[in-house]
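Summary of the model geometry
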Amino acid sequence: MAGGGFAEKFAKERREKSKLPERVLIFDTTLRDGEQTPGVSFTPAQKIRIAQQLDELKVDTIEAGFPIVSKGEKESVSEIASEGLEAEICGLSRCTDDDIKAALDCDVDCIHLFIATSDVHLKKKLNLTQEEALEQAVTSVEKAKDHGVIVEFSAEDATRTDLEYLKEIYQAVEEAGADRINVPDTIGVATPPAMQELVRELDSVMNIPISVHCHNDFGLAVSNSISAVEAGAEQIHVAVNGLGERAGNASLEEVVMTLRSLYNIKPRTNTKALVKTSSLVERATGIPVPPNKAIVGANAFAHEAGIHVHGVLKSPGTYEVLSPELVGHHRRITLGKHTGTKSVKKHLDDLGVKGTEKQLEEITNRIKGLGDKGKTVTDADLRAVAESVIGAMPEEEKAVEVKEATVTTGSTVTPTASIKLLVEGEERIGSATGVGPVDAAIKALRAVMNEISELNLKEYHLDAITGGSDALADVTVKLEDEDNNLYIAKGVRDDVVLASVEAMVSGINQYFAAKK
Ligand code: KIV
Ligand code: ZN
């Protein structure tokens, strides 16, 4: 059989045909565009900590901020620039003297100059002609270059700019000394083929590296950035967790891993630090990473369906395209309605709990039942369910079996319970009222079982396993017989009454067994 499936073969052929660069530089803008995320504002200490982490991640450039915006921002950018980090430290600047001075005051390695070039921005925002904007851009590049810094130039709203004018302004800034140009898809309107064509057009007239800055308004930021690389772009602007204005920027973790694993372009990035970086930024911003977020989300390497778990445990490549360790993540087998006995066994092995095949089946059925009711099953839930199933007497030795238990309760009705039992094969039905639903259920049990008149409930203990209103109820009862023998039994259910009945009946069965 021929090796390599369609996607792999296609990617390989495409790589061979495309103008792929050897390396793609990662320009991180978490501390600048990322901080423009609505509701996000870093303290200076957070900015420095994130910059240090980005350096540990080995991004090529850290855009530390926009120095002109405030005194605090300027101080933070200065401090980051003086940290002695390996990454190039960059400050954003409009094409004005004051902005350039503020960035230079911070002693940054690079100034990211920008001016809007689309008709709508020129007319409605800047009130400038194309010629005036071009002149400002050229003058600013020259001024910044006079101070010996690296200059990256962005034509803001490039994807909505007339192509001929765009080429003209980029060529003019190249001539003025810019070190690289950046192509922002400022409002995220490009599609992957459009981005590719635009970069190809620009590449045909430029001699300095081309970078792209894609926004995610249509969820295309990563695809657009990668398409640009296929056409020759050598740098991508990214933000950790895809932060940024509105729907954000291209996500750092997705870009890096796509380049590395699907395009065979190895960025300098230390991929093992991706999850740690994502979590740090998540904490600092207070913006939770969605569980289904690619690469760094809590579910990125989680498996639930029995078929998947079986496959992954046999050979991870069946359902994992990346090894979780490569990005600093870990594999997780989750429990729910899709769970199979293999997952349950794996979890129980990890918890050091052993059970028979039959018990394993019963535990799996109970876990599925909880999943059917919409509950997220945690390890603590599994342990409690397992303990109650494994700790219970084998089915065939049980004298008493609960067939049905129902309660009615409320502020205007007396709690009433009805119960149907099989006691040594004989069906018994009864009901009782009580001070609460649990009390009513236990009284209903007693009402149909004269045999337990001498069995006293010495202790009743209720625990909720894990928080939340859907927590499992874990009931432990201590029963004492006429000879002072103690029977301790447990019941774990998502319903406190059923858990209580289960615990009581489990204790009663021990009592019956002891009497034989
Ligand atoms: O989205 C954008 O156009 C920007 C520029 C400042 C590059 O963030
Ligand atoms: Zn932006």
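Criteria and thresholds
Every chain begins its residue count from 1, and numbering advances along the sequence as written. Chain A is the first chain written and ligand 1 is the first ligand written, with later ones labelled in order. In view of the model being predicted, local features appear only for residues whose pLDDT reaches at least 70, and side-chain atom pairs are presented and counted only at 80 or more, with totals across whole chains, interfaces and linings using the full set of residues. Note that water and hydrogens are dropped before the side-chain values are worked out from all heavy atoms of the structure. UniProt positions are given in the numbering used here, feature names are shortened, and annotations may be inferred rather than shown by experiment. Think of a salt bridge as a Lys or Arg side-chain nitrogen and an Asp or Glu carboxyl oxygen that are within 4 Å of each other. Only DSSP runs of H or I with at least four residues qualify as helices, and only runs of E with at least two residues qualify as strands; both kinds are numbered from the N terminus onward. Exposure is judged per residue with a 1.4 Å probe applied to protein chains only, and the accessible area is read against the type maximum: over 50% gives exposed, under 20% gives buried, and values in between give partly exposed. What makes two strands pair is DSSP finding at least two bridges between them. Whenever a helix is involved, its axis is fitted only over the stretch in contact; in every case the axis is a line through C-alpha atoms, and angles between N-to-C directions fall within 0 to 180 degrees. By definition, residues are in contact when any of their heavy atoms lie within 4.5 Å. Cavity means a closed set of points on a 1 Å grid over the protein atoms alone, one where a 1.4 Å probe fits but cannot get out, pocket means an open set with protein on both sides within 12 Å along at least 5 of 7 lines, and lining means a residue has an atom within 4 Å of a point. Grid points are joined across faces, edges and corners, and a volume is the space filled by probe spheres set on the points. Classification used: nonpolar for Ala, Val, Leu, Ile, Met, Phe, Trp, Tyr, Cys and Pro, charged for Asp, Glu, Lys and Arg, polar for all others including Gly. Here the limits of each domain have been adopted from an automatic or database domain assignment. Nitrogen, oxygen and sulfur within 2.8 Å of a metal are treated as its donors, or within 3.2 Å for sodium, potassium and calcium (Na, K, Ca); water is not counted, so a site can appear incomplete. In these notes, residues near a molecule or strand are those with any non-hydrogen atom within 4 Å of it. Counted as a polar contact is a pair of N or O atoms within 3.5 Å, where, for protein atoms, one must be capable of donating a hydrogen and the other of accepting one, and residues adjacent in sequence contribute only when both atoms are in side chains. Using the Shrake-Rupley algorithm and a 1.4 Å probe, accessible areas are obtained, with residue cover drawn only from the displayed protein chains. Should an angle fall under 35 degrees it is taken as roughly parallel, and over 145 as roughly antiparallel, whereas 65 to 115 is taken as roughly perpendicular and any remaining angle as oblique. Any residue with relative accessible area above 30% and no salt bridge may belong to a patch, with like charges joined within 9 Å and the nonpolar Val, Leu, Ile, Met, Phe, Trp and Tyr side chains within 5 Å. Stacked, tilted and edge-to-face pairs are distinguished by plane angle, under 30 degrees for stacked and over 60 for edge-to-face with tilted covering the rest, among Phe, Tyr and Trp rings (Trp via its six-membered ring) whose centres lie within 6.5 Å.

In the annotation of an unreviewed UniProt entry, the protein is listed under the name Citramalate synthase and assigned to candidate division MSBL1 archaeon SCGC-AAA833F18. Recorded in UniProt under Sequence similarities (unreviewed entry), the annotation for the protein is "Belongs to the alpha-IPM synthase/homocitrate synthase family." According to UniProt, the comment filed for the protein under the heading Pathway (unreviewed entry) is "Amino-acid biosynthesis."

**A look at the pattern of salt bridges**
With the rule as written, the count across this model stands at 42 salt bridges. Between K167 and E201 there is a salt bridge; the shortest N-O distance is 2.6 Å. In this pair, K167 sits in helix α7 (residues 163–175) while E201 sits in helix α8 (residues 192–203), placing the two residues 34 residues apart along the sequence. Residue class for E201 comes out partly exposed when judged on its relative accessible area of 25%.

**Here's the deal with the UniProt feature "domain: Pyruvate carboxyltransferase" (unreviewed entry) in the protein**
Annotation from UniProt places "domain: Pyruvate carboxyltransferase" (unreviewed entry) at residues 24–275. Taken end to end, residues 24–275 comprises 42% helix and 18% strand; its first and last C-alpha atoms sit 21 Å apart.

**Topic: the sheet that holds strand β7 (residues 210–214)**
Read once around its circumference, the closed barrel built from eight strands follows the order β1-β2-β3-β4-β5-β6-β7-β8, with strand pairing classed as parallel. Strand after strand, the sheet turns through a mean of 25° between neighbouring axes, direction not considered. Both strand β5 (residues 150–156) and strand β6 (residues 180–185) contribute to a ladder of three bridges, which runs parallel. The residue of β6 that forms the bridge with E152 is R180. Packed on one face of the sheet, helix α9 (residues 221–230) meets β6, β7 and β8 (235–238) and runs near 165° to β7. With respect to the sheet, helix α10 (residues 252–262) is in contact with β1 (25–28) and β8, its orientation differing from that of β1 by roughly 175°.

**Describing the layout of surface pockets**
For the largest pocket, the calculated volume is near 780 Å³. E362, R366, A392, E395 and K398 are the residues nearest the centre of the largest pocket, which is lined by 27 residues in total. Contributions of two or more residues to the lining of the largest pocket are made by α14 (357–372), α15 (379–391), β11 (400–408), β16 (486–493) and α17 (496–515). Grouping the amino acids of the lining of the largest pocket by side-chain chemistry returns 10 nonpolar, six polar and 11 charged. Each of domain 2 (302–391) and domain 3 (395–515) contributes no fewer than three residues to the lining of the largest pocket.

**Some remarks on the coordination of the zinc ion (ligand 2)**
Tetrahedral coordination by four donors sets the ideal angle at the metal to 109.5 degrees; octahedral coordination by six donors sets it to 90 or 180 degrees. Taken together, the protein ligands of the zinc ion (ligand 2) are D33 (OD), H213 (NE2) and H215 (NE2), with distances of 2.0 to 2.1 Å. Going along the chain, you hit the donors of the zinc ion (ligand 2) in the pattern D-x179-H-x1-H.

**Structural notes on α9**
Counting buried positions along α9 gives nine out of 10 residues, so the element sits mostly inside the fold. Looking at α9, one finds that the buried residues are A221, V222, N224, S225, I226, S227, A228, V229 and E230. Against α1 (6–17), β6, α8, β7, β8 and α10 lie the buried residues of α9. Immediately beyond the C-terminal end of α9, within one or two residues, lies G232, with a positive phi of roughly 115°.

**Looking at the site of ligand 1**
Near ligand 1 you find R32, D33, H112, F114, S154, E156, P184, T186, H213 and H215, and these make up its full shell. The contact in question runs from an oxygen atom of ligand 1 to an N or O atom on the side chain of D33, over 3.0 Å. One nitrogen or oxygen atom from the side chain of T186 is found 2.6 Å from an oxygen atom belonging to ligand 1. Considering ligand 1 on its own, with 260 Å² of exposed area, one finds that the protein chains cover 94% of that surface. Taken together, the residues that form the shell around ligand 1 break down as two nonpolar, five polar and three charged.

**As for the side chain of N509**
Its location among the elements puts N509 in helix α17. Looking at N509, the relative accessible area reads 3%, which means it is buried. A polar atom in the side chain of N509 sits 2.8 Å from the backbone nitrogen of A399. Not counting the four nearest positions on each side in its chain, N509 is found in contact with M393, K398, A399 and V400.

**Quick notes on the packing of helix α13 (residues 341–351) against α15**
Relative orientation and spacing of two packed helices are given, respectively, by the angle between their axes and the distance between those axes. Following both chains from N to C, one finds α13 and α15 inclined at 90°, their axes separated by 11 Å at the closest point. Here α13 lies roughly perpendicular to α15, going by the angle between them. Of the residues in α15, those touching α13 at V344, H347, L348 and L351 are D379, L382, R383 and A386. For the contact of α13 with α15, the per-class residue count stands at five nonpolar, one polar and two charged.

**A few points about a nonpolar patch on the surface**
Side chains of L457, Y460, L462 and V496 sit close together on the surface and give an oily, nonpolar patch of about 290 Å² of accessible area. Top contributing element to the nonpolar patch by residue count: strand β14 (residues 456–465), with three residues. Take L457: it is sitting in strand β14. Here L457 falls in the partly exposed class, since its relative accessible area comes to 33%.

**Examining unusual backbone geometry**
Trans peptide bonds make up the majority, and among non-glycine residues the majority have a negative phi. Within the chain, N241 stands out as a residue other than glycine whose phi angle is a positive 60°. Positionally, N241 belongs in the loop between β8 and α10. N241 gets classed as buried once you look at its relative accessible area, which sits at 15%. Positive phi values are uncommon outside glycine, yet R246 reaches one of about 50°. The residue R246 is located in the loop between β8 and α10 in this model. Taking the relative accessible area as the measure of exposure, R246 reaches 40% and is therefore partly exposed.

**Looking at the packing of aromatic side chains**
The full count for this structure, using the stated rule, is five aromatic pairs. Aromatic rings pair up to connect Y487, Y511 and F512 into one cluster.

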